[in-house]
Amino acid sequence: MPAPIIFSGIQPTGRKHLGNYIGAIRQYVEGQERGEPAIFCIVDLHAISVAYDPVELRERVYDTAAILLAAGLDPDRCIFFRQSDVREHTELTWLLSAVTAHGDLNRMHQFKEKSARQRELVSAALFYYPVLMAADVLAYRATEVPVGDDQRQHVELMREIAHRFNERFGETLVVPEFRIPEVGARIMDLQEPERKMSTTSPTEAGTVLVLDEPAAIRKKLGSAVTDSGREVRRGPDKAGIANLIDILAVARGISQDEIEREFDGAGYGDFKKAVAEAVVELLAPVRDRYAELRPGEAALDAVLAAGAEKARAIAAVTLADVRERMGYGCG
Ligand code: ATP
Ligand code: MG
């Protein structure tokens, strides 16, 4: 088996949370060991699909870059860059729209959910960003896309777009596979455990932020919604407890069954305390390292710029092929 080409992106909007860390960031760090290359991107062009402030966007890009580096991304072992620095992404988006079915975009759950939440403008960008996401991945001919469970449908769409492109214009693009973690692919909001923990519609108390102080983490996990039962196990009507089991399993690096065995007969109070301590321990090093890295904006810029150069070199080759196949440029 050849080494995978890994690509994934993360939005710089809002503040990154435990779901992002467990579902995505943790996989990126691991992916650096296997990917040749492993490519990670701050998808700032996606951020404009909902209301945003340009000054704040820049700040959030720094925040997100510092979080990812603090979590263990190493620019010597991966390509780490900002999407808007590599213009091939936007050009490819338009070219791919020729083989993207309007009906497929219409079926995207995230559009339905996110558009329903918009108060002012439901932008065309919100409808269309899955095509940009397809371009992000296909530009690198990535074979593997580490994501959380909520991105399954978008990855299926990009596979369909790649297939259709190859059928229409000849074998050019690689059809990527998604990689979704076995445990922790969908961390739920602590206050509304039927809903995923999310950047754009967080409940304050239900969202553990990567940068939360230990006291805040303890408070949020201590008041996590559970159920009227007493058993620490997964099961119907136990979304809150099941979520906490997943979190603890990931934080300790053991199975959910082991967690259930360990807390057999324990009360919810003790269990929640154990989860809180494990999460504090998981995130504390990231938070400390972030505090060191975040002030160095020039250094962050330099890392992203160097990454963009490497990314562009790969994306430009794909774009040249795509353009040629589609009848652009000199023959
Ligand atoms: P938004 O709600 O605005 O889409 P988000 O919280 O999903 O924001 P993104 O930057 O879109 O954040 O997602 C980055 C990565 O984190 C994606 O791979 C996504 O699948 C993953 N992810 C997001 N939320 C969760 C979650 N609750 N559990 C596990 N993985 C998640
Ligand atoms: Mg998302």
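Residues numbered from 1 in each chain as written. Chains lettered and ligands numbered in written order. Predicted model: local features only at pLDDT ≥ 70, side-chain atom pairs only at ≥ 80, totals over all residues. Heavy atoms only, no water.

Draft legend 1. Focus on the site of ligand 1. With respect to spatial proximity, 22 residues lie near ligand 1, and among them Lys114, Asp150, Ser198, Thr199 and Thr200 are the closest. At a separation of 2.5 Å, an oxygen atom of ligand 1 approaches a polar side-chain atom of Asp150. Coverage of ligand 1 by the protein amounts to 97% of the 590 Å² it exposes when considered alone. Among the detected pockets, ligand 1 sits in the largest cavity. No other element matches helix α1 (residues 18-31), which puts four residues into the shell around ligand 1. For the shell around ligand 1, the class distribution of residues is six nonpolar, eleven polar and five charged. (Near = heavy atom within 4 Å. Polar contact = N/O pair within 3.5 Å; in protein donor to acceptor, adjacent residues only side chain to side chain. Areas by Shrake-Rupley, 256 points an atom, 1.4 Å probe, with all protein chains shown as cover. 1 Å grid on protein atoms, 1.4 Å probe; cavity = no way out; pocket = protein on both sides within 12 Å on 5 of 7 lines; lining within 4 Å. Sits in = over half its atoms within 2 Å of the grid points. Helix = DSSP H or I, 4+ residues; strand = E, 2+ residues; numbered from the N terminus. Nonpolar A, V, L, I, M, F, W, Y, C, P; charged D, E, K, R; others polar.)

Draft legend 2. Representation of the layout of surface pockets within the structure. Here the largest pocket defines a volume of roughly 600 Å³. Along its surface, the largest pocket is lined by 22 residues, and Val50, Ala51, Tyr52, Gln118 and Thr200 are the ones closest to its centre. Counting residues per element, the lining of the largest pocket draws most heavily on helix α2 (residues 54-71), which supplies three residues. A breakdown of the residues in the lining of the largest pocket according to their chemical character gives eight nonpolar, seven polar and seven charged. Here the second largest pocket defines a volume of roughly 340 Å³. Of all the secondary-structure elements, those providing two or more residues to the lining of the second largest pocket are α5 (109-117) and α7 (152-169). (Points joined across faces, edges and corners; volume = space filled by probe spheres on them.)

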